[in-house]
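Residue strings, one per chain:
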Amino acid sequence: MLGLGVDRLQADINRLLTSLFHQGVLDEQFLQLQQLQDDTSPTFVYDVINIYFDESEKLLRNLRLLLVDREFSDYKKIGLHLNQLVGSSSSIGARRVRNVCVAFRSASELNNRPGCLRGLEVVEHEYHYLKNMMHELFQLEQQRLLAAGVRYPM
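Description of the structure in this document. Just so it is clear, the model here is predicted, and its values are computed rather than measured.

Some thoughts on the nonpolar core
For step 1, the next point in the chain: Membership of the largest hydrophobic core comes to 43 residues, with the highest contact counts inside it found for F30, I49, Y52, I78, F104, L130 and M134.
For step 2, the next point in the chain: If you list the elements that add at least two residues to this core, you get α1 (2–22), α2 (28–35), α3 (44–68), α4 (75–92), α5 (95–109) and α6 (113–147).
For step 3, the next point in the chain: The element contributing the most residues to this core is α6, with 11 residues.
For step 4, the next point in the chain: Setting aside chain neighbours within four positions, we find Y52 in contact with L85, S88, S89, I92, A94, V97, Y127 and L130.

Written out as structure tokens, the structure is:
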């Protein structure tokens, strides 16, 4: 019976990942990240993704603070934050977040405040969707490991 639970959970993980790839949420870089995980670093992907979320939260907070200031005019600062977010999103395979950041950056290069506000809204939406999906993925993975009798600190 133990094996059936593990198999079902692995099938759930595979379905979720397939869906995220088909939706364009993730790309092949995420697979490369997974390949770096092994028995010596069983929580590698989890750790890297959580670092990404921590850093991204700071960048999104900084972007929001810049844009709520009605007197704001330094769009290069926005571009710098977005470059960081594009790079880190690319490194974990967060395709949709990366793509909407690129569109947001275009608005900042045009000094388009309404476009930047809309861009921030879209980036935050995609970011939160990714975060929720990764949370679901990690919960399934933890359940699979527990069902298999493997215990790694998460």
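Observations concerning the pattern of salt bridges
For step 1, the next point in the chain: Enumeration over the complete set of coordinates arrives at nine salt bridges.
For step 2, the next point in the chain: Here D27 ties to R98 by a salt bridge, and the two come within 3.0 Å at their closest N and O atoms. Pair noted here: D27 is in the loop between α1 and α2 and R98 is in helix α5, with a separation of 71 residues, a long-range link. Neither residue differs from the other here; D27 and R98 are each classed as buried.
For step 3, the next point in the chain: Between E55 and K58 there is a salt bridge; the shortest N-O distance is 3.3 Å. Of the two residues, E55 and K58 both sit in helix α3, three residues apart, roughly one turn of that helix.
For step 4, the next point in the chain: E55 gets classed as partly exposed once you look at its relative accessible area, which sits at 40%.

Focus: the packing of α4 against α5
For step 1, the next point in the chain: Taken N-terminus to C-terminus, the directions of α4 and α5 make an angle of 165°; their axes are 9 Å apart at the nearest point. With respect to α5, the axis of α4 lies roughly antiparallel. Every pair of crossing elements has a handedness; the one defined by α4 and α5 is left-handed. Together, Y75, I78, G79, L82, N83, L85, V86, S89 and S90 of α4 and V97, R98, C101, V102, F104, R105 and S108 of α5 make up the contact between the two elements.
For step 2, the next point in the chain: Per-class residue counts for the contact of α4 with α5 are nine nonpolar, five polar and two charged.

Conventions adopted
Residues numbered from 1 in each chain as written. Predicted model: local features only at pLDDT ≥ 70, side-chain atom pairs only at ≥ 80, totals over all residues. Heavy atoms only, no water. Core = buried A, V, L, I, M, F, W, Y, C linked by side-chain atoms within 4.5 Å. Buried < 20%, exposed > 50% of the residue type's maximum accessible area, 1.4 Å probe, protein only. Helix = DSSP H or I, 4+ residues; strand = E, 2+ residues; numbered from the N terminus. Contact = heavy atoms within 4.5 Å. Salt bridge = Lys/Arg side-chain N within 4 Å of Asp/Glu carboxyl O. Axes fitted to C-alpha atoms, helices over the stretch in contact; angles between N-to-C directions. Parallel < 35°, antiparallel > 145°, perpendicular 65-115°, else oblique. Left-handed = near helix turned anticlockwise from the far one by under 90°. Nonpolar A, V, L, I, M, F, W, Y, C, P; charged D, E, K, R; others polar.

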